[in-house]
Amino acid sequence: MGPTSKHGWNGAGGQSGNELFDSLRLELRRGCLVLAVLAQLRAEHYGYTLRKALAESGLEIEESTLYPLLRRLETQGLLNSEWREEEKRNKRFYRLSGEGERILGLLLAEWTGINQSLGRIVEGLKSNTGKER
Amino acid sequence: MELLERYLQAVGAHLPARGRADTLAELRANLEAEIEGREEELGRPLTGAEVAQVLEAHGMPVLVAARYGPQHFLVGPQLFPLYWYTLKRSFPLVLAAYVVVQLVAAIVQSSSGQDLGQKIGTAAAHFPRVALTFWGVMTLGFAVFEYVQGRYVPKMTLPKWSVRDLPPLEPGQKKHSLASAVADLIVSALIVVWLLAVPNHPYLIIGPGAKMVHGMPFGLTPEWHVFYWQIVGLLILMLPLKAAMVLPSLRRVRGWLQLAINAMGILILVVMVQIRTFFVAGAEISAENLRSLAGINTGITFGFKIALAISVVKFLWDLWKEITAGQHRRAGYTAAVL
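Scoring rules and cut-offs
- Residues numbered from 1 in each chain as written.
- Chains lettered and ligands numbered in written order.
- Predicted model: local features only at pLDDT ≥ 70, side-chain atom pairs only at ≥ 80, totals over all residues.
- Heavy atoms only, no water.
- Pairing = 2+ DSSP bridges.
- Helix = DSSP H or I, 4+ residues; strand = E, 2+ residues; numbered from the N terminus.
- Salt bridge = Lys/Arg side-chain N within 4 Å of Asp/Glu carboxyl O.
- Buried < 20%, exposed > 50% of the residue type's maximum accessible area, 1.4 Å probe, protein only.
- Contact = heavy atoms within 4.5 Å.
- Buried area = accessible area lost by both parts, 1.4 Å probe.
- Polar contact = N/O pair within 3.5 Å; in protein donor to acceptor, adjacent residues only side chain to side chain.
- Expected span 1.5 Å × (residues − 1).
- Phe/Tyr/Trp six-rings, centres within 6.5 Å; stacked < 30°, edge-to-face > 60°.
- Lys NZ or Arg CZ within 6 Å of the ring centre and 35° of its normal.

**Q** Sorry if this is basic, but what is going on with the pairing of strand β3 (residues 89-96) of chain A here?
**A** All names here are of chain A. For strand β1 (residues 45-46) and β3, the ladder comprises two bridges, and the chain directions are antiparallel. Paired with H45 across the two strands is Y94, which belongs to β3. Where strand β2 (residues 79-86) and β3 come together, eight bridges link them in antiparallel fashion. Bridge assignment links W83 to a residue of β3, and that residue is R92.

Have a look at this one:
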């Protein structure tokens, strides 16, 4: 798991700071993971190599989250899959479908827009804090 | 690899038959690759404990299987606000309808005050079952709707609405008037004094007409000696509560004080309902007057029963409002503090 808050305070509803952070972090990551998986599957992968590739890019994802996610994205028509033998073992390889390409383009544009807005907001916050000091 | 086989078997036990083999084959390939990857890193085969570690890190079989299935919910996130709103709005109506029906039935069917109390107690004990049935039926209805929409009927779309169609602002809560609270306290105290004086000074009831009462063919029932003190006692108990209503330091609990006063009022009505005979016949009463007297007694009792039913419903409604107002106040306070 990633970093967790060190604050020990209790927020609204009695949820501890760490729990709250974990739940918000999970929410934040959920959409990003789909984007990362779709982007990574512009090249063909099977489950294990995909997970490794994502981890090498700095995005750790649990197997029990990734493998069902692949199934769901395939059911939604965003991925194509094929069973093939590799190194004497049958493996299921995934790749982005035509529809997946289109959706990925739209999601990336959305993500870029959000990222830029957030950057502006956070930068504005930093410069305001600097002025106050 | 026995551990891997056992793990896959356990996951498979929780997967739906359709697609089970395919899911397990993919899971096996990925887990084998994971184990081989670790072996490559270490340059040796994994021990049993290490394989177990890999599998345990993958997750508990039942949870892993659940992630492969469709999302399980009875009422989905889109429909849930509507479901919750419907439950919240209809529950008080169910409660009110139940109270009215049970109360009327108990009053009509009961032969004595004790019998009435028993019937009300039985009805109250039965209510959780009624509430549970209502909740179950509502949930089932929404769950069926959730299931069929998108499959057999088009997905529900919210109707178009305009902010201009929203109901006008509700008038603010009636401000507590100190003058009316003081007046209420004084009047209540005077009523108690008056009631205490009546037994020794009967003319206080109907003034000079008291003399005429002596000529009437009927009089007050001797039971009044018992009920009189019960009523006076309850009225005296109301006085400190009414005095507390005047105190500014207790303004936060005025709603609950008013409810306690209303509850005392209901108890007085309960006492009145228990009095089956208000007037009894004198020695020289005619048959016709005797029939009229029975009618008068029945009529008065029936009137008090109706008043009791209405008061109980009103009390429950006020109680509900006070509880929900308290929740809103606490939520507002929490929001203000945070």
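Structure shown, so let's carry the discussion forward.
**Q** How should I be thinking about the pattern of salt bridges in this particular structure?
**A** A side chain with one charge may pair with a side chain of the opposite charge, provided their charged atoms come close. For the coordinates displayed, the defined rule picks out 18 salt bridges over all chains. A salt bridge links E86(A) to K91(A), with the nearest nitrogen and oxygen atoms 3.6 Å apart. E26(B) is the salt-bridge partner of R92(A), the closest N and O atoms lying 3.7 Å from each other. Taken together, the residues R92(A) in strand β3 and E26(B) in helix α2 (residues 20-42) connect one chain to another. As far as the burial class goes, R92(A) and E26(B) line up, both buried.

**Q** What exactly am I supposed to notice about the interface of chain B and chain A here?
**A** Buried accessible area, meaning the area lost when the parts come together, often serves as the stated size of an interface. Each partner contributes residues to the interface: chain B has 18 residues there, and chain A has 18 residues. Overall, the association of chain B and chain A removes approximately 1700 Å² of surface from exposure, summing both partners, and the carbon and sulfur fraction of that is 47%. Taken as a group, E26(B), N30(B) and R67(B) account for 32% of the area that chain B buries against chain A, more than any other trio of residues on that side. Among the ionic pairs, D22(B) bridges to R92(A), the shortest N-O distance being 2.5 Å. In this structure, the connection of chain B to chain A is made through 14 residue pairs in polar contact (both at pLDDT 80 or more). Counting only elements with at least two residues in the side of chain B that touches chain A, the list comes to α2, α3 (48-58) and α4 (61-68) of chain B.

**Q** Which parts of the structure should I look at to understand helix α11 (residues 254-274) of chain B?
**A** Note: α-helices contain 3.6 residues per turn, so residues at a spacing of three or four share the same orientation. Here α11(B) contains 21 residues, and its C-alpha end-to-end distance of 30 Å stays within 8% of the 30 Å for a straight helix at 1.5 Å per residue. Burial in α11(B) covers these residues: R254(B), L257(B), L259(B), I261(B), M264(B), I266(B), I268(B), L269(B), V271(B), M272(B) and V273(B).

**Q** Help me understand the packing of aromatic side chains in this model?
**A** Under the counting rule described, the total for this entry stands at nine aromatic pairs over all chains. Measuring from ring centre to ring centre gives 5.0 Å for Y228(B) and W229(B), while their planes differ by 75°; the resulting arrangement is edge-to-face. Residue Y228(B) is classed as buried on the basis of its relative accessible area, which comes to 14%. A relative accessible area of 54% means that W229(B) is categorised as exposed. One cation-aromatic arrangement involves R84(A) over F93(A); the distance from NZ or CZ to the ring centre is 4.3 Å.

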